[in-house]
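# Coordinates in review
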Amino acid sequence: QVQLVESGGGLVQAGGSLRLSCAASGRSYSNYAMGWFRQAPGKEREFVAGISWGGRSTEYTDSVKGRFTISRDNAKNTMYLQMNNLGPEDTAVYYCAAQDPLTVLVSTSSLYRYWGQGTQVTVSS
């Protein structure tokens, strides 16, 4: 069982940056592939970025490549999403999520078992 809590959301102007954090509690955090998802009003939840349980592999959706960086600190049981050059299209509730232990990193939300409550990111133009 893993509990996830996001933080770091807020209001930022276009072109600005934010860093989201996802703090995990529970056993064997380092065994879980982790991901960030987002959901904008009226839209489906979409995969943003993911990181393998060992931290060696990462994936990004095309729209954030070169702007967002996912990382994890297994010693601190924390995952991060550094978001640079934000635009209004990045406005959404951002969720962190964890897959089942020791599974291959995927981008399909239905394969993530544990979810945080979400943190709002609003980018003004």
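Look above for the structure.
Just so we're clear, the structure is a prediction, and the values are computed from it rather than from any experiment. (Residues numbered from 1 in each chain as written. Predicted model: local features only at pLDDT ≥ 70, side-chain atom pairs only at ≥ 80, totals over all residues. Heavy atoms only, no water.)

## Concerning the overall build of the protein
Regarding its fold elements, the protein presents zero helices and eleven strands. Judged by the C-alpha coordinates and their principal axes, the protein covers about 40 × 25 × 25 Å. Across the 125 residues in the protein, those meeting the buried criterion constitute 42%. The contacts in the protein between residues at least 6 apart in sequence include a share of 59% that link residues at least 24 apart. Working note: accessible area of the protein is about 6,300 Å², and carbon and sulfur atoms make up 46% of it. (Helix = DSSP H or I, 4+ residues; strand = E, 2+ residues; numbered from the N terminus. Buried < 20%, exposed > 50% of the residue type's maximum accessible area, 1.4 Å probe, protein only. Contact = heavy atoms within 4.5 Å. Areas by Shrake-Rupley, 256 points an atom, 1.4 Å probe, with all protein chains shown as cover.)

## Thoughts on the sheet that holds strand E8 (residues 78–83)
Sheet architecture is open: four strands sit in the order E1-E3-E8-E7, paired in antiparallel fashion. Unpaired on one side and paired on the other, strand E1 (2–7) and strand E7 (68–73) mark the two borders of the sheet. Averaged over all neighbouring strand pairs, the angle between strand axes comes to 15°, with direction disregarded. Inspection of the sheet shows E7 paired to E8 by six bridges, in the antiparallel sense. Within E8, the residue paired with Ser-71 across the bridge is Tyr-80. (Pairing = 2+ DSSP bridges. Axes fitted to C-alpha atoms, helices over the stretch in contact; angles between N-to-C directions.)

## A few points about the nonpolar core
Where a protein is soluble and globular, its nonpolar side chains tend to be buried together. Counting residues in hydrophobic clusters, the biggest one holds 29 residues, and the most contacted among them are Leu-4, Met-34, Trp-36, Met-79, Leu-81, Met-83 and Tyr-94. Those elements that place two or more of their residues in this core are E1, strand E3 (18–26), strand E4 (32–39), strand E5 (46–51), E7, E8, strand E9 (92–101) and strand E11 (119–124). Here Leu-81 is in contact with Leu-18, Arg-19, Leu-20, Trp-36, Val-48, Ala-49, Phe-68, Thr-69, Ile-70 and Tyr-94, once residues within four sequence places are set aside. Of all hydrophobic cores here, the second largest spans six residues; its members include Phe-47, Ala-97, Leu-105 and Tyr-112. (Core = buried A, V, L, I, M, F, W, Y, C linked by side-chain atoms within 4.5 Å.)

## Concerning the packing of aromatic side chains
For any pair of aromatic rings, the description rests on two quantities: the centre-to-centre distance and the angle between the ring planes. In this structure the tally under the stated criterion is six aromatic pairs. Relative to Tyr-112, the ring of Phe-37 lies with its centre 4.9 Å away and its plane at 80°, an arrangement referred to as edge-to-face. Of this pair, Phe-37 sits in strand E4 while Tyr-112 sits in strand E10 (residues 112–115), placing them 75 residues apart in sequence. Comparing Phe-37 with Tyr-112, the two get one shared label, buried. Relative to Trp-115, the ring of Phe-37 lies with its centre 4.9 Å away and its plane at 55°, an arrangement referred to as tilted. Of this pair, Phe-37 sits in strand E4 while Trp-115 is found in strand E10, placing the two residues 78 residues apart along the sequence. (Phe/Tyr/Trp six-rings, centres within 6.5 Å; stacked < 30°, edge-to-face > 60°.)

## Description of the side chain of Ser-21
Its location among the elements puts Ser-21 in strand E3. Excluding residues that lie within four positions of it along the chain, Ser-21 makes contacts with Val-5, Glu-6, Ser-7, Trp-36, Thr-78, Met-79 and Tyr-80.

## Brief notes about the pattern of salt bridges
Throughout the structure, instances matching the rule amount to five salt bridges. Between Arg-38 and Asp-90 there is a salt bridge; the shortest N-O distance is 2.9 Å. On the criterion of sequence distance, the pair formed by Arg-38 in strand E4 and Asp-90 in the loop between E8 and E9 is long-range, its members being 52 residues apart. Each member of the pair, Arg-38 as well as Asp-90, carries the same accessibility label: buried. When the shortest N-O distance is used, the salt bridge between Arg-67 and Asp-90 registers 2.8 Å. With Arg-67 in the loop between strand E6 (58–60) and E7 and Asp-90 in the loop between E8 and E9, this residue pair connects regions lying 23 residues apart in the sequence. For Asp-90, a relative accessible area of 0% gives the class buried. Among the ionic contacts, a cluster of salt bridges with common partners joins Arg-38, Glu-46, Arg-67 and Asp-90. (Salt bridge = Lys/Arg side-chain N within 4 Å of Asp/Glu carboxyl O.)

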